Amino acid sequence: MHLSASAATPTHCPYCALQCGMTLTPDASDAGVSVAGRADFPVNRGALCGKGQSAAAVLSPGVRLTTPLVRSAAGVLEPAGWEEALDAVAAGLSRTRTGHGADACAVFGGGGLTNEKAYALGKFARIVLGTSQIDYNGRFCMSSAAAAGQLAFGLDRGLPFPLEDVPRTGCVILVGSNLVETMPPAMRYLTELRENGGTLIVVDPRRTRTAEQADLHLAPRPGTDLALALGMLHLVVAEGRVDESYVRERTRGWEQARAGVMAHWPEYVERITGVPLPQLREAVRLFTEPEHAMVLTARGPEQQAKGTDTVGAWINLALATGRPGTPLSGYGCLTGQGNGQGGREHGQKADQLPGYRKLTDPAARAHVAEVWGVDPNSLPGPGRSAYELLDALGGDIRSLLVMASNPVVSAPRAAHVEERLRSLDFLAVADVVLSETAELADVVLPVTQWAEESGTTTNLEGRVLLRRRALTPPAGVRSDLDVLHGLAARLTPGLEKGFPVDPEEVFEELRRASSGGPADYAGISYDRLARGDALHWPCPDPAHEGTPRLFLDGFATQDGRARFAPVTHRPAAEEPDAEYPVYLTTGRVVAQYQSGAQTRRVAELNKAAPGPFVELHPRLAARLGIAEGDTVAVTSRRGRALAPARLTGSIRADTVFMPFHWPGAGRANTLTNPALDPTSRMPEFKVCAVRVAKAG
Ligand SMILES: Nc1nc2c(c(=O)[nH]1)N[C@H]1C(S)=C(S)[C@@H](COP(=O)(O)OP(=O)(O)OC[C@H]3O[C@@H](n4cnc5c(=O)[nH]c(N)nc54)[C@H](O)[C@@H]3O)O[C@H]1N2
Ligand SMILES: Nc1nc2c(c(=O)[nH]1)N[C@H]1C(S)=C(S)[C@@H](COP(=O)(O)OP(=O)(O)OC[C@H]3O[C@@H](n4cnc5c(=O)[nH]c(N)nc54)[C@H](O)[C@@H]3O)O[C@H]1N2
Ligand code: SF4
Ligand SMILES: [Mo]
């Protein structure tokens, strides 16, 4: 049991991007606190999902790491002291740097890190290691939507409006999001929308519990959203539903986009997507008739090798009908991880500096270098994207520091990634538990958790939030900030002064580094957040109220106009054929989070979702002689996975679905295709070709 710092502490959930408000109250449990939803926080108004409700369980000493581990001469991870462990990490990184150059050291971060940690990690890579090789798991998450948003609007903030606007719009098209399982408290906004007379359209190859609540469910083949959006836009044009004055005054590029659209005849689109033409027409009617309407995307359309173009096509539909930058309307992406938004703004991305600045922009380099007290010319250039970085391990990258990700389970073509990790000269992992990736490490650094440290996160609405320390961490763990401080001191004595261990001190520097950038946090402070101010970035000065709604006065492009994307349909990187005749798509279940490193350690969540499975339609199952519960072998060009069959009429008969939360034989990512989107470098998690058979 830990000592509590204060009585009841208001804070936020450690898991997803909704960042539900919760209160932690000290108690006599192993975890040391109990969790309750906070009714005063507007996003969740007291509601929590099962993961949030049980989040304290991972604080228990029984399931977490409480001492550093160092691999012995005999090859086993053994308990060690912090000095020994940090010395070993510094020695491993130094050896690589001396022998192979700075770029042979790499860093892999995570969207679960607070803003302060993400900022410090990017700074550590660039000025302590001097490496360009840093990227993070957010590349696997919403990077296609981020890229499309940048291209269309000149700025990427997941939702450009608060969730409270959703119930007041007229129609929502929810593309490839299963909110009932992935952000349960957010479903309330869609329920209220329907109670107010608005309509919900869900686009998903599966009739999910979210799709069941829709007025209209479109079930396209995986990987065909681009054609679907173009087909809808074709009908918008054909039926004279384009908002001509909006297109004229607020956009550019319509003529070229329109030309692409005209080639996508509804009958052709029906053939590609499998969505019947009457449903396509109905969707267009529901979306265009109300005064206000929104398109929201999540991982379904984004995690494709053409994710950027696909999101661009959905944005085109919104633009042609005059939605973005008008009240109660527009396009938004439902960002996923706890700090998925802030984690992509402050410099752990391969091409980026804090404040959502570009690493290639000389003015941005000069500004940030000044804050860091270094020569701008000493800052490395952009590095590789996440999968490309993992693929290069053991080649020209010899050492890796992982902070807050578990790629052995979550990366595409995971068996290959695992083999690459094993081929490194040196691997260090900072984590709260012994994840499957940590199991491969030479040194494991056990770090403090959300309830034991302060820090800020930025939720899916761009709302910056303060997580507060509620517990004293167990002896034997240190914070990620402390880790970076200790490593800086060892690698370049003196530089550790630039890596304070107090999160508020880091935030004060982040404010200055972000000042003047697209994601401007200069006006945000711990004091303002503690007072409960709702501060959405940009917030450029302490008197500024924040910006809950973007683009109402113009887009963030140079001329203030949005850009249509000139896109046409193309097939998935791998389509079914005679050898691999079935589509595989992947995703989530409500009771497990991501690689499962945390939630697989919580008894009640494991009871609800004990292991992997393969969801398939009874018709496909009958054809293959598979019965409910049979072990099935799913084989792709990357490998083979085994899991029990779950028969359901809710999935297309040409598609199987696997959740990706488990390691071992049932690991979905053994199968997935690392084909990358040319712009966002997002892998194609949502579609590949497989063979399915009853396991012998
Ligand atoms: N319980 C739980 N909640 C989570 C997480 C978790 O791991 N577990 N993770 C968090 C994170 S980081 C994220 S990114 C979000 C993700 O949240 P979501 O995007 O809602 O999650 P997914 O289940 O990956 O994908 C959503 C849906 O896309 C559908 N889909 C598959 N292929 C296609 C396609 O080609 N087109 C379309 N339109 N749809 C397709 C799937 O059937 C699935 O129902 O959830 C967050 N919340
Ligand atoms: N097939 C398939 N694969 C997918 C996806 C999919 O839909 N299908 N979705 C992708 C998406 S959207 C995402 S976001 C990724 C996520 O995949 P991962 O990056 O593997 O995500 P997590 O499982 O959340 O891993 C986070 C790790 O960091 C640890 N951790 C948590 N908080 C902290 C902290 O503050 N500090 C440190 N040092 N460690 C911490 C956790 O214990 C855990 O081990 O998976 C991707 N992979
Ligand atoms: S919906 Fe997300 S933020 Fe809310 S309790 Fe569940 S995991 Fe936590
Ligand atoms: Mo994600």
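What you see is a predicted model, and the numbers here were worked out from it, not measured in a lab.

This brings us to the overall build of the chain. Helices and strands together make up the secondary structure of the chain, namely 22 helices and 30 strands. On the principal axes, the C-alpha backbone points of the chain span a range of 70 × 65 × 50 Å. Of all 696 residues assigned to the chain, the portion counted as buried reaches 64%. Accessible surface computed for the chain: about 22700 Å², of which carbon and sulfur atoms make up 50%. The chain carries 71 positive and 76 negative side-chain charges, and their two centres are separated by 3 Å.

Turning to the packing of aromatic side chains, a few remarks are in order. On inspection of all chains with the given rule, the structure shows twelve aromatic pairs. Here Phe-124 and Phe-499 contribute two aromatic rings whose centre-to-centre distance is 6.2 Å and whose plane-to-plane angle is 85°, an arrangement assigned as edge-to-face. Placement of the pair is Phe-124 in helix α3 (residues 115-129) and Phe-499 in the loop between α18 (480-491) and α19 (503-514), with a sequence separation of 375 residues. Arranged with centres 5.3 Å apart and planes meeting at 45°, the rings of Phe-551 and Phe-555 form a pair that is tilted. The class of Phe-551 is buried, set by a relative accessible area of 10%. For Phe-555, a relative accessible area of 5% corresponds to the buried category. Across the ring face of Phe-287, the terminal group of Arg-323 is positioned such that the distance to the ring centre comes to 5.4 Å. Directly above the aromatic system of Phe-613 lies the positively charged group of Arg-646, at a separation of 3.6 Å from the ring centroid.

Time to look at the site of ligand 1. Near ligand 1 there are 33 residues, and of these Asp-204, Asp-225, Arg-588, Gln-592 and Gln-594 occur at the shortest range. Within the backbone of Gln-592, a nitrogen or oxygen atom sits 2.7 Å from a nitrogen atom of ligand 1. Lys-686 has a polar side-chain atom sitting 2.9 Å from an oxygen atom of ligand 1. When the free accessible area of ligand 1 is taken as 910 Å², the share hidden by the protein chains comes to 99%. Only α5 (179-182), α12 (299-302) and β23 (582-587) provide two or more residues apiece to the shell around ligand 1.

With that out of the way, let us pick up unusual backbone geometry. Going from Trp-537 to Pro-538, the amide bond is cis rather than trans, its omega being -5°. Examined against the element boundaries, Pro-538 turns out to sit in the loop between β21 (535-536) and β22 (562-563). In this model, Gln-594 sits at a positive phi of 55°, which is unusual for a non-glycine residue. One non-glycine residue, Arg-681, lies in the positive phi region at around 60°. As for its position among the elements, Arg-681 is in the loop between β28 (673-676) and β29 (683-684).

Turning next to the pairing of strand β8 (residues 171-175). Along any regular strand, the residues point their side chains to alternate faces of the sheet. Within β8, five of the five residues are buried, which leaves it mostly tucked inside the rest of the structure. Because side chains alternate across β8, one face comprises the buried residues Cys-171, Ile-173 and Val-175, and the other comprises Val-172 and Leu-174, equally buried. Across five bridges, the pairing between β8 and strand β9 (residues 199-203) is parallel. Within β9, the position partnered with Cys-171 by the bridge is Thr-199. In the sheet, β8 pairs with strand β12 (residues 294-297) via four bridges, with the strands oriented parallel. From the neighbouring strand, Val-175 faces β12, where its bridge partner is Thr-297.

Before going further, it helps to examine α18. Between its first and last C-alpha, α18 extends 16 Å over twelve residues, near the 16 Å set by a 1.5 Å rise per residue. Within the sequence span of α18, burial applies to Asp-480, Leu-481, Val-483, Leu-484, Gly-486, Leu-487, Ala-488 and Leu-491. On the buried face of α18, the contacting elements are α2 (82-100), α3, β16 (399-403), β17 (426-431), β18 (443-446) and α19.

Another point: the site of ligand 3. As a structural note, the neighbourhood of ligand 3 is formed by Cys-13, Tyr-15, Cys-16, Leu-18, Gln-19, Cys-20, Leu-48, Cys-49, Lys-51, Gly-52 and Pro-185. For the shell around ligand 3, the per-class residue count stands at eight nonpolar, two polar and one charged.

The final tally for this structure, using the stated rule, is zero disulfides. Sulfur of Cys-333: no disulfide; nearest cysteine sulfur belongs to Cys-141 and is 7.4 Å away. Since its relative accessible area comes to 2%, Cys-333 is described here as buried.

According to the domain assignment, the chain contains domain 1 (9-63), domain 2 (69-140 + 338-502), domain 3 (143-334) and domain 4 (582-694). The straight-line distance from the C-alpha centre of domain 2 to that of domain 4 is 30 Å. Together domain 2 and domain 4 conceal approximately 1700 Å² of surface at their shared face, both sides included; 59% is due to carbon and sulfur atoms. Three residues, Arg-139, Val-409 and Arg-413, lead the burial of domain 2 against domain 4; their summed loss comes to 27% of the area buried on that side. There are three salt bridges connecting domain 2 and domain 4. Glu-436 is paired through a salt bridge with Arg-600; the nearest N and O atoms lie 3.0 Å apart. There are twelve residue pairs in polar contact (both at pLDDT 80 or more) connecting domain 2 and domain 4. Secondary-structure elements contributing two or more residues to the side of domain 2 that touches domain 4 are α15 (386-391), α16 (407-410) and α17 (414-422).

The rules we used
- Residue positions are given per chain, counting from 1 as you read along its sequence in written order.
- Here chains are named by letter from A upward and ligands by number from 1 upward, in the order in which they appear as written.
- For a predicted model such as this one, the threshold for reporting local features is a pLDDT of at least 70, and the threshold for listing and counting side-chain atom pairs is 80 or more; totals across whole chains, interfaces and linings nevertheless cover every residue.
- Hydrogens and water are ignored here; the side-chain numbers use all heavy atoms of the structure.
- In DSSP terms, a helix is any run of H or I states spanning at least four residues, a strand is any run of E spanning at least two, and both are numbered starting from the N terminus.
- Think of it in three bands: residues with accessible area under 20% of the maximum for their type are buried, residues over 50% are exposed, and the middle band is partly exposed, with areas taken using a 1.4 Å probe on protein chains only.
- All accessibility values rest on the Shrake-Rupley procedure with a 1.4 Å probe; residue burial counts only the protein chains present in the view.
- None of His or the chain ends enter the tally, which takes Lys and Arg as positive and Asp and Glu as negative.
- A single reference atom marks each charge: NZ on Lys, CZ on Arg, CG on Asp, CD on Glu.
- Note on aromatic contacts: the rings of Phe and Tyr and the six-membered ring of Trp form a pair at centre separations within 6.5 Å, being stacked when their planes are under 30 degrees apart, edge-to-face when over 60 apart, and tilted otherwise.
- Placement of a charge over a ring requires the Lys NZ or Arg CZ to be within 6 Å of the ring centre, with the centre-to-atom vector within 35 degrees of the ring normal.
- A molecule or strand has a residue near it when one of that residue's heavy atoms lies within 4 Å.
- Throughout this description, a polar contact denotes any pair of N or O atoms lying within 3.5 Å of each other; where both atoms belong to protein, one of them has to be capable of donating a hydrogen while the other can accept it, and for residues adjacent in sequence the pair is counted only when both atoms sit in side chains.
- DSSP calls a pair of strands paired once it identifies at least 2 bridges connecting them.
- Here the expected span of a helix is defined as 1.5 Å times the quantity of residues minus one.
- Contacts are assigned to residue pairs with any non-hydrogen atoms lying within 4.5 Å of each other.
- In this classification, Asp, Glu, Lys and Arg are treated as charged, Ala, Val, Leu, Ile, Met, Phe, Trp, Tyr, Cys and Pro as nonpolar, and every other residue, Gly included, as polar.
- Only a pair of cysteine sulfur atoms within 2.5 Å counts as a disulfide in this structure description.
- For every domain, the bounds stem from an assignment made automatically or drawn from a database.
- What gets called buried area is simply the loss in accessible area from a 1.4 Å probe that two parts show on being joined, summed for both.
- The rule for a salt bridge is simple: a side-chain nitrogen of Lys or Arg has to be within 4 Å of a carboxyl oxygen of Asp or Glu.

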